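Remarks on the overall topology
Spelled out, the chains give:
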Amino acid sequence: MMEYKGYIGHVEFDDEADILHGEVINIRDVVTFQATSVKEVHKAFQESVDDYLEFCQSRNESPDKPFSGKFSLRIPPELHRKVHIHAKRDRKSLNAWVSETLEAAVAEQ
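Residues numbered from 1 in each chain as written. Predicted model: local features only at pLDDT ≥ 70, side-chain atom pairs only at ≥ 80, totals over all residues. Heavy atoms only, no water.

As for the overall build of the chain
Helix and strand content of the chain: 3 helices and 4 strands. Ordered by position from N to C terminus, the α and β elements of the chain give β-β-β-β-α-α-α. By the compact-globule yardstick of 13 Å for 109 residues, the chain is too spread out, its C-alpha radius of gyration being 19 Å. In terms of overall dimensions, the chain has a C-alpha envelope of 55 × 40 × 20 Å along the principal axes. The burial tally for the chain puts 23% of its 109 residues in the buried class. Considering only contacts in the chain between residues 6 or more positions apart, those separated by 24 or more positions represent 32%. Accessible area of the chain: about 8700 Å², with a carbon and sulfur share of 52%. The positive charge centre, built from 14 side chains, and the negative charge centre, built from 20, are 15 Å apart in the chain. (Helix = DSSP H or I, 4+ residues; strand = E, 2+ residues; numbered from the N terminus. Rg over C-alpha atoms; globule rule 2.2 N^0.38 Å. Buried < 20%, exposed > 50% of the residue type's maximum accessible area, 1.4 Å probe, protein only. Contact = heavy atoms within 4.5 Å. Areas by Shrake-Rupley, 256 points an atom, 1.4 Å probe, with all protein chains shown as cover. Lys, Arg positive; Asp, Glu negative; His and termini not counted. Charge placed at Lys NZ, Arg CZ, Asp CG, Glu CD.)

Structure below.
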């Protein structure tokens, strides 16, 4: 992965087309890029981010910011109940309990 101006690019290799293609993965808007070499893909990523920011500015729109720290989650009611009980048992808010549980899950990878 690559980072530029707070935006993270993820790159994959397309064997059939013989190109590297990528996408900015930490925003909801779709920003993509492609190149034929590693050196070029870094440049293409940065150019795509700059183009995106310029496009937003030309339309007087705020660019999508990388993660606000908030997300809405839909889970089955029974799971919601179990999570709530675990959080209360641990004397934590639901938010703190879920945050700590998610942090532990990604740390294992």
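Regarding the pattern of salt bridges
Tallied over the full model, the rule gives 7 salt bridges. Across the salt bridge formed by Asp-64 and Arg-28, the nearest N and O atoms sit 3.4 Å from each other. One end of the pair, Asp-64, is in the loop between α1 (38-58) and α2 (77-89); the other, Arg-28, is in the loop between β3 (19-24) and β4 (32-35), with 36 residues separating them in the sequence. On the basis of relative accessibility, which here comes to 74%, the residue Arg-28 falls in the exposed class. The salt bridge involving Glu-47 is made with Lys-43; its shortest N-O contact spans 3.8 Å. (Salt bridge = Lys/Arg side-chain N within 4 Å of Asp/Glu carboxyl O.)

Details of the packing of aromatic side chains
Under the criterion given, the structure shown has 3 aromatic pairs. A centroid spacing of 5.2 Å and a plane angle of 50 degrees characterise the contact between Phe-33 and Phe-45, whose relative ring orientation is tilted. Of this pair, Phe-33 sits in strand β4 while Phe-45 sits in helix α1, and the two are 12 residues apart along the sequence. A relative accessible area of 1% means that Phe-45 is categorised as buried. Aromatic rings pair up to connect Tyr-4, Phe-33 and Phe-45 into one cluster. (Phe/Tyr/Trp six-rings, centres within 6.5 Å; stacked < 30°, edge-to-face > 60°.)

A closer look at α1
Taking 1.5 Å per residue, 21 residues should reach 30 Å; α1 reaches 30 Å between its end C-alpha atoms and fits that length. Of the residues making up α1, those classed as buried are Val-41, Ala-44, Phe-45, Ser-48, Val-49, Tyr-52 and Cys-56. Axial view of α1: buried residues confined to an arc of 135 degrees, hence all on one face. Residues of α1 that are exposed and point more than 90 degrees away from the buried face comprise Lys-39, Lys-43, Gln-57 and Ser-58. As for α1, its buried residues are in contact with β1 (2-4), β2 (7-14), β3 and β4. Once α1 finishes, Asn-60 follows within two positions and takes phi at roughly 55 degrees, a positive value. (Expected span 1.5 Å × (residues − 1). Arc of directions from axis to C-beta.)

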